[in-house]
Amino acid sequence: MKKVLNNSNLRNIAIIAHVDHGKTSLVDSMFKFSGLFRENQEVQERLMDSMDLERERGITIAAKNCSIMWKGCKINIIDTPGHADFGGEVERALFMADGAILLVDASEGPLPQTRFVLHKAFSLGLKVIVVINKIDRKDARVEEVLDEIYELFFDLDANEQQIEFSTLYAIGKQGIVKKSMSDPDSDLTLLFETIIEDIPGPSYIENEPFQMLVSDLGYSDYLGRLAIGKVFNGSIKGNENLVCINEELNTTPLKVTKIQSYKGVELSEIKSAEPGDIILISGIEDVKIGDTIATAENPKPLKRIHVDEPTVSMKFTINTSPLSGREGKIVQSKKIKERLIKETLKNIAIKIEESEEKDSFIVKGRGEFQLAILIESMRREGFEFAVGRPKVIIKKINGKNFEPIEHLYIDCEESFSGIVTEKLLIRKGQLITMNNKGTGRVRMEFYVPSRGLIGFRDEFLSDTKGTGILNTYFKGYDEYRGDFPVRFTGSLVSDRSGKSVAYGLFHLEARGRLFINPGVEVYEGMVIGEYNKLGDLIVNPCKEKKLTNMRASGKDENIILKPVQPFTIEQALHFIADDELVEITPKTIRIRKAVLSSSERQNSSSKKRSS
């Protein structure tokens, strides 16, 4: 029987936490303390958030790798997203880890995404170190948070080894870590020593042939497709003959042209790799996440990466508006399809299917926010297209419809709890617990259908005057809870093409909220505002004042319109009805009817009523 050994020269550790609990700031401090940078070297904050969207939004979207050397031991760090919609990134990244640092805010405590990532870590048998971060907050409640963490561990059926976790207290941004709250402030030495002592080195089977599980993909202009993953067994050298084993267990020959490993956040070429290391291999084009790279003489597949199924779908289609092709460089359906397929290769939580409609595709993901990030990325790349309203994916089980249900956590001021509860009950939500500790704020938990939360986040922020906190966690599927109203307002729809005029818009302000300013090009079927009643109102935003000898045209200059707040992609997706689309271009976000002609819309609605 072959021995199972551990590589004591390596540690592979994932940093997992809820959004904004300080993962990326802690990694920054670890970089600086480990001596990765010179003393006088200028280093930007949130170094691991390398994408423009991550820096703008202040969140981690994609899991990323880096490494630090500590007393002769290489520590590979995997920075994971904290938002539930990017759970697929967390799942694939954890396959490269042998342990995890669970970072929890000293005030907020463990939140929904904490539960999700911790459950995934436990299912893979990872050892966990708990770091209670931001202990310098005025509202920190360290002891209560530690009790909540223990409750969470028991609730998730952690084994005996996992429950006996080390607890550290930190101010990650300042690089302070200590063993207990009464200890004096110290540096990150304690954190690194705890990682070396508590997290085992990666295990491997003695004398087994080379096996590597592809957990991520990259691309280089010079080297082509890059396969990124952890070496589970054996070792590798440059120019070796290997094979890639796909999902159908078919093998594709490949010759390694270059092996790279992480040194800090940069990549450096290495001559060979040992068991447990996280490496990048170039020399193969047809590779997918979950494939195994093994020796040609003894190809053995590893267990594939499987992630939770998508819960939300959205239609992507070409832009057919009269303004199509004016702002985007890439408008063809073939190019849109290629870009979507490319996304599925890197993001295993996203699926794409052909639609029954011509030049349309159904894209499935974990949530509307994940799909909104994809849309934003595509528009920045020069794509122009249109998308439909997000829809939840309904399952048929024993002839009955089942829908995804979210475990919703609400933290808001006591005075807003009534309106929040009322709106969630309309959306078929069920109140589970309500906790009022007399601080002026209330914590509530609901089970709500996922479709009930589409568009609710914007309303929630308005209802709580921006002070409410909302978090969700995918609970599972439950029997369909029945229909409920999605919107209580209609749309103001333009009846013609032209340019909007201040006079025409001024007389529409009483009808609802406008989305456009004067001088904006409009077309028939374009939604130019929100009607304050149910149903749609056909309007003329191009209407000009008729000139007579009694009035001068200069009088129009006195018209003052209410300021218009431009739509974000998420707001537009939340607003649209089922018969509307969001028109996406690199410069503009517009809302339009799926059928632009007013007469065609009336005919189709008449046919529906008669049938």
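Residues numbered from 1 in each chain as written. Predicted model: local features only at pLDDT ≥ 70, side-chain atom pairs only at ≥ 80, totals over all residues. Heavy atoms only, no water.

On to helix α10 (residues 417-426), then. Taken residue by residue, α10 has S417, V420, T421, K423 and L424 as its buried positions. Across the axial projection of α10, the buried residues extend over an arc of 165°, all falling on one side. Residues of α10 that are buried sit in contact with β26 (400-413), β27 (430-436), β28 (441-449), α11 (450-453) and α12 (456-463). Note on α10: the residue one or two positions beyond its end, K428, has a positive phi of about 65°. (Buried < 20%, exposed > 50% of the residue type's maximum accessible area, 1.4 Å probe, protein only. Helix = DSSP H or I, 4+ residues; strand = E, 2+ residues; numbered from the N terminus. Arc of directions from axis to C-beta. Contact = heavy atoms within 4.5 Å.)

Of note, K71 is a non-glycine position whose phi angle comes to about 50°, a positive value. Checked against the element boundaries, K71 lands in the loop between β3 (64-70) and β4 (73-79). Since its relative accessible area comes to 66%, K71 is described here as exposed. Of note in this structure, K134 is not a glycine but carries a positive phi near 60°. Within the fold, K134 resides in the loop between β6 (127-133) and α5 (142-155).

Let's shift gears to empty space enclosed by the protein. Evaluation of the coordinates by the stated rule reveals one cavity of 30 Å³ or more. Counted as a void, the largest cavity has a volume near 40 Å³. If you go around the largest cavity, the residues you meet are R389, R427, R451, G452, I454, F484, P485 and V486. Classifying every residue of the lining of the largest cavity by side-chain character gives four nonpolar, one polar and three charged. (1 Å grid on protein atoms, 1.4 Å probe; cavity = no way out; pocket = protein on both sides within 12 Å on 5 of 7 lines; lining within 4 Å. Points joined across faces, edges and corners; volume = space filled by probe spheres on them. Nonpolar A, V, L, I, M, F, W, Y, C, P; charged D, E, K, R; others polar.)

Bringing the nonpolar core into the picture now. With 43 residues, the main nonpolar core has F316, I375, F385, V387 and I528 as its most contacted residues. For this core, the element with the most residues is helix α9 (residues 368-380), which contributes five residues. Counting residues in hydrophobic clusters, the runner-up holds 41 residues, among them L94, I171, L226 and I278. (Core = buried A, V, L, I, M, F, W, Y, C linked by side-chain atoms within 4.5 Å.)

Right, let's talk about the pattern of salt bridges for a bit. A complete count under the given rule lists 38 salt bridges for this structure. For K71, the salt bridge goes to E193, with nearest N and O atoms at 3.8 Å. Within this pair, whereas K71 is found in the loop between β3 and β4, its partner E193 is found in helix α7 (residues 189-198), the two being separated by 122 residues in sequence. Residue classification places E193 among the partly exposed positions, given a relative accessible area of 30%. In this structure, the salt-bridge partner of E580 is R487, at a minimum N-O distance of 3.3 Å. Linking E580 in strand β36 (residues 580-584) with R487 in the loop between β29 (469-479) and β30 (490-494), this pair joins segments that are 93 residues apart in sequence. Both residues of the pair, E580 and R487, count as buried. The structure contains a network of salt bridges with shared partners spanning R487, D536, D579, E580 and K593. (Salt bridge = Lys/Arg side-chain N within 4 Å of Asp/Glu carboxyl O.)

The element strand β5 (residues 99-105) is largely enclosed, with a buried count of seven among its seven residues. Here β5 shows no split at all, with G99, I101, L103 and D105 on one side and A100, L102 and V104 on the other all buried. As paired elements, strand β2 (residues 10-17) and β5 share five bridges and run parallel to each other. Across the sheet, I16 pairs through a bridge with L102, a residue of β5. Where β5 meets β6, seven bridges bridge the pair, whose relative direction is parallel. Within β6, the residue paired with L102 across the bridge is V130. Tracing the backbone out of β5, into helix α4 (residues 112-123) and back to the parallel element β6 gives a crossover that is right-handed. (Pairing = 2+ DSSP bridges. Right-handed = clockwise from strand over helix to strand, strands pointing away.)

Here we have seven strands laid out as an open sheet, ordered β3-β4-β2-β5-β6-β7-β8, and mixed in their pairing. Both edges of this open sheet fall to β3 and β8 (176-178), since each of them pairs with a single strand only. Adjacent strand axes in the sheet meet at a mean angle of 30° when their direction is disregarded. Taken together, the six bridges between β2 and β4 define a ladder with parallel strand orientation. Of the residues in β4, the one forming a bridge with A14 is I78. Along the sheet face, α4 touches β2, β5 and β6 and points at about 150° away from the line of β2. (Axes fitted to C-alpha atoms, helices over the stretch in contact; angles between N-to-C directions.)

Let us look at α9. The terminal C-alpha atoms of α9 lie 18 Å apart, and with 13 residues this matches the ideal 18 Å at 1.5 Å per residue to within 8%. Those residues of α9 not exposed but buried are E368, F369, Q370, L371, A372, I373, L374, I375, E376, S377, M378 and R379. Once α9 ends, the next one or two residues include G382, with phi positive near 100°. (Expected span 1.5 Å × (residues − 1).)

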